[in-house]
Amino acid sequence: TEEKVLDEEITNPAGINLLKFNKGNCIMWGARSISIDPAFRFVQKREQLSHYENVLRENFDFIIFAINNPSARSKVQTSLIGYFQPEFSKGALSGNTFEDAISIKIDDENNTLLTEANGDLNAEIKLRLANTVERFIITIGQAGIFESLAS
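Residues numbered from 1 in each chain as written. Predicted model: local features only at pLDDT ≥ 70, side-chain atom pairs only at ≥ 80, totals over all residues. Heavy atoms only, no water.

**A look at helix H2 (residues 43-59)**
- Counted at 1.5 Å a residue, the expected span for H2 with its 17 residues is 24 Å, and the 24 Å between its end C-alpha atoms agrees.
- Buried within H2 are the following residues: Lys45, Gln48, Tyr52, Val55 and Leu56. Viewed end-on, H2 has its buried residues packed into an arc of 95°, placing them on one side of the element. Projecting away from the buried face of H2 at angles above 90 degrees are the exposed residues Glu53, Arg57 and Glu58.
- Looking at the packing, one finds that the buried side of H2 touches helix H3 (70-89) and strand S4 (124-127). (Helix = DSSP H or I, 4+ residues; strand = E, 2+ residues; numbered from the N terminus. Expected span 1.5 Å × (residues − 1). Buried < 20%, exposed > 50% of the residue type's maximum accessible area, 1.4 Å probe, protein only. Arc of directions from axis to C-beta. Contact = heavy atoms within 4.5 Å.)

Rendered as structure tokens:
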């Protein structure tokens with residue numbers, strides 16, 4: 001951009017984060033990501049799902065070469081719940097209850113006899129990822145003489 005100053009009010013909503021330099025530090029300004037899917041407009045959601053995929057791939061090899069039956073499905077489901085409960089507890093997943101925040105489907109519908117015969121075990125996981133504060137807006141004013149401030 002040479003000497004031109006970029007306006008983050010225009011670039012950030014477009015998914016272009018700016019690099020700002022302050023006292024020798026480089027700061028990435030913004031959390032937006034260029035994405036066609038509006039669910040991934042914030043980069044940390046994409047990074048969070050990528051992290052989950054990598055952890056699950058690395059830690060769920062115990063099921064490979066196991067007997068493909070309802071007992072194996074139950075073990076996987078229990079392990080997935082055990083992994084995601086701390087994520088819910090720390091606020092990385094959003095919902096009033098754990099069941100609001102995550103759905104794990106490992107049943108006969110997505111694991112048919114043909115699926116088992118092919119050596120596949122399918123687990124469908126849907127997560128409600130926590131949202132991001134992008135702007136903090138404070139409204140302040142004087143109360144009127146007849147206005148009650150009691151909540």
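**Some thoughts on the nonpolar core**
- Judged by nonpolar contacts, the single largest core of 18 residues is most densely connected at Tyr52, Leu56, Val76, Leu80, Tyr83, Phe84 and Leu93.
- Those elements that place two or more of their residues in this core are H2, H3, helix H4 (98-101) and strand S3 (102-105).
- No other element matches the 5 residues that H3 contributes to this core.
- With sequence-adjacent residues up to four places away left out, Val76 is seen in contact with Phe60, Ile63, Ile106 and Leu121. (Core = buried A, V, L, I, M, F, W, Y, C linked by side-chain atoms within 4.5 Å.)

**Some remarks on H3**
- Under the 1.5 Å per step criterion, the end-to-end length of H3 is 28 Å for 20 residues, consistent within 8% with the ideal 28 Å.
- Looking at the buried residues of H3, the elements they touch are H2, H4, S3, helix H5 (113-117) and S4.
- The distance from a side-chain oxygen at the start of H3 to the backbone nitrogen of Ser71 is 3.1 Å, and the residue carrying that oxygen is Asn69.
- Positive phi appears at Gly91, one or two residues downstream of H3, with a value of about 95°. (Polar contact = N/O pair within 3.5 Å; in protein donor to acceptor, adjacent residues only side chain to side chain.)

**Describing the pattern of salt bridges**
- This structure, assessed with the given rule, holds 4 salt bridges.
- For the salt bridge of Glu109 with Lys105, the shortest nitrogen-to-oxygen distance reads 3.2 Å.
- For Glu109, a relative accessible area of 63% puts it in the exposed group.
- Within this structure, Arg73, Asp108 and Glu116 form a network of salt bridges that share partners. (Salt bridge = Lys/Arg side-chain N within 4 Å of Asp/Glu carboxyl O.)

Spatial relationships are all this shows, so hold off on functional conclusions.
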